[in-house]
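In case you want the letters, here they are:
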Amino acid sequence: MDKYIFISGASRGIGRAIALKFASFGHNLIIVSSNSEKDLTDTMEEIKKFNVKCRAFTLSVADFNSLESMKETLHNEDIFVECVINNAGISYFGLLQDMSVEDWNNIININLSSIFNTSKLFINDMIKQKCGSIINISSVWGNIGASCEVAYSASKGGMNSFTKALAKELAPCGINVNAIACGAIDTSMNSRLDEDEKQALCDEIPAGRMGTSAEVAELVYSVFKSDKYLTGQIITMDGGWT
Ligand code: NAP
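From a predicted model like this one, the values you see are computed outputs, not experimental measurements.

**Q** Quick question: what am I supposed to make of the side chain of Ser-33 here?
**A** Relative to the helices and strands, Ser-33 resides in strand S2 (residues 28–33). Sequence-distant contacts of Ser-33, that is, excluding residues within four places in its chain, are made with Gly-9, Ala-10, Ser-11, Leu-40, Phe-57, Thr-58 and Leu-59.

Below is the structure:
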């Protein structure tokens, strides 16, 4: 049985950096994203340069049925997913009263229901193997909330509670569950900011700059390599911002 790492949202940004980090340490990967098929293929090509196996699927993590079909394909190939990294996410900026019901449901489904979907699909195999790891990519807004990002904050706050609760459920089975609450990371998620807004943001951060995807990837890999006794934690990485 080949061991794999599952990473959602690996076509760009933080997810792509995490994928390349794990590949550089010799891990086989299953990567997914929903729209940018070309970017996902590019990531897969980069991953394969490390002489590891990689499977790429274009699907939405909000859609349980698509994930289940993916899992069935993998099951036929005798693959064990030893670590699930729930990184796919979207943001929404605006006042809550102006937000449509569709936009609310969309962000909750992609950022929060998705982690139920992937956990439900993969934890039974982990329980059978008595090992495994789940790492959720969260946000400081899930810890403290942000004005004009109520839905996003709620989705990441839900992710944080999900992480703590599932960690308690799975610790007896040798599976650890943690989240990394990122501050401002320089990716396309922040592309709505112009240069002045970015500078104002950096002025608020004690480290004086935004974080990089590579720095998040480094921390994710450290959490993956840590002892299983590290579980149920929301690890904040924000340059001292919050
Ligand atoms: P990004 O550059 O926008 O990348 C998001 C990734 O998620 C893309 O690969 C995207 O691909 C994928 N994705 C979006 N919706 C999806 C869906 N329904 N199903 C599958 N994949 C989906 O954003 P990022 O900054 O790297 O963010 C990664 C994670 O870090 C997110 O969970 C985000 O909330 C979190 N985070 C980011 C920051 C930050 O400042 N950047 C701060 C805190 C937390 P497609 O568009 O092709 O689907």
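**Q** Looking at this structure, I do not really get empty space enclosed by the protein. What am I missing?
**A** Unfilled space is identified by rolling a water-sized probe across the atoms. In the structure shown here, the tally under the stated rule is two cavities of 30 Å³ or more. Lining the largest cavity, in full, are Lys-71, Leu-74, His-75, Ile-79, Val-81, Phe-122 and Asp-125. The set of elements that each furnish at least two residues to the lining of the largest cavity consists of helix H3 (64–76), strand S4 (79–86) and helix H4 (101–129). Ranked by residues supplied to the lining of the largest cavity, first place goes to H3 with three residues. Residues that form the lining of the largest cavity fall into these classes: four nonpolar, one polar and two charged. Along its surface, the second largest cavity is lined by Tyr-92, Gly-94, Leu-96, Met-99, Cys-148, Glu-149, Val-150 and Ala-151.

**Q** Explain the nonpolar core here, please?
**A** The tendency in soluble globular proteins is for nonpolar side chains to be buried as a group. Counting 30 residues, the largest nonpolar core has Ile-18, Phe-22, Leu-29, Ile-31, Ile-85, Ile-135 and Val-220 as the members making the most contacts within it. Elements with a contribution of two residues or more to this core: strand S1 (2–8), helix H1 (13–24), S2, helix H2 (37–48), S4, strand S5 (132–139), strand S6 (175–182) and helix H8 (213–225). With seven residues, H8 is the single largest residue contributor to this core. Ignoring anything within four residues of it in the chain, the contact list for Phe-22 reads Ile-5, His-27, Leu-29, Ile-85, Val-220, Tyr-221 and Phe-224. Phe-6, Leu-67, Ala-88 and Ile-134 belong to the second largest nonpolar core, which has 25 residues in total.

**Q** Can you walk me through the packing of H1 against H8 in this structure?
**A** For any two helices packed against each other, one specifies the inter-axial angle together with the distance between the axes. For the pair H1 and H8, interaxial distance at closest approach is 8 Å and the crossing angle is 50°. The orientation of H1 with respect to H8, classified from their angle, is oblique. As for how H1 packs across H8, the hand of that crossing is right-handed. Contacts between H1 and H8 involve Gly-13, Ile-14, Ala-17, Ile-18, Lys-21 and Phe-22 from the former and Ser-213, Ala-214, Val-216, Ala-217, Glu-218, Val-220, Tyr-221 and Phe-224 from the latter.

Criteria and thresholds
Sequence order as written defines the numbering, with residues in each chain counted from 1. Whole-chain, interface and lining totals are the exception, using all residues; otherwise, since this is a predicted model, local features are given only for residues with pLDDT of at least 70 and side-chain atom pairs are given and counted only at 80 or more. In computing side-chain values, all of the structure's heavy atoms are included and hydrogens and water are not. A helix here means a DSSP run of H or I that spans at least four residues, while a strand means a run of E at least two residues long, and both kinds are numbered starting from the N terminus. Here, residues are in contact when the closest pair of their heavy atoms is within 4.5 Å. Cavities and pockets are defined on a 1 Å grid built over the protein atoms alone: a cavity is a set of grid points where a 1.4 Å probe fits but cannot escape, while a pocket is an open set with protein on both sides within 12 Å along at least five of seven lines, and lining residues are those with an atom within 4 Å of any such point. Grid points are joined across faces, edges and corners, and a volume is the space filled by probe spheres set on the points. Asp, Glu, Lys and Arg are counted as charged, while Ala, Val, Leu, Ile, Met, Phe, Trp, Tyr, Cys and Pro are counted as nonpolar; the rest, among them Gly, fall into the polar class. We call a set of buried Ala, Val, Leu, Ile, Met, Phe, Trp, Tyr and Cys residues a nonpolar core when their side-chain atoms join them within 4.5 Å. Between buried and exposed lies partly exposed: a residue is buried under 20% and exposed over 50% of the maximum accessible area for its type, with that area taken using a 1.4 Å probe on protein chains only. Here the axes come from fitting lines to C-alpha atoms, over the contacting stretch only for helices, and the angles between their N-to-C directions go from 0 to 180 degrees. The cut-offs work like this: below 35 degrees is roughly parallel, past 145 is roughly antiparallel, 65 to 115 is roughly perpendicular, and the gaps in between are oblique. Two helices that cross are described as forming a left-handed crossing if the nearer one is turned anticlockwise from the farther one by less than a right angle, and a right-handed crossing if clockwise.

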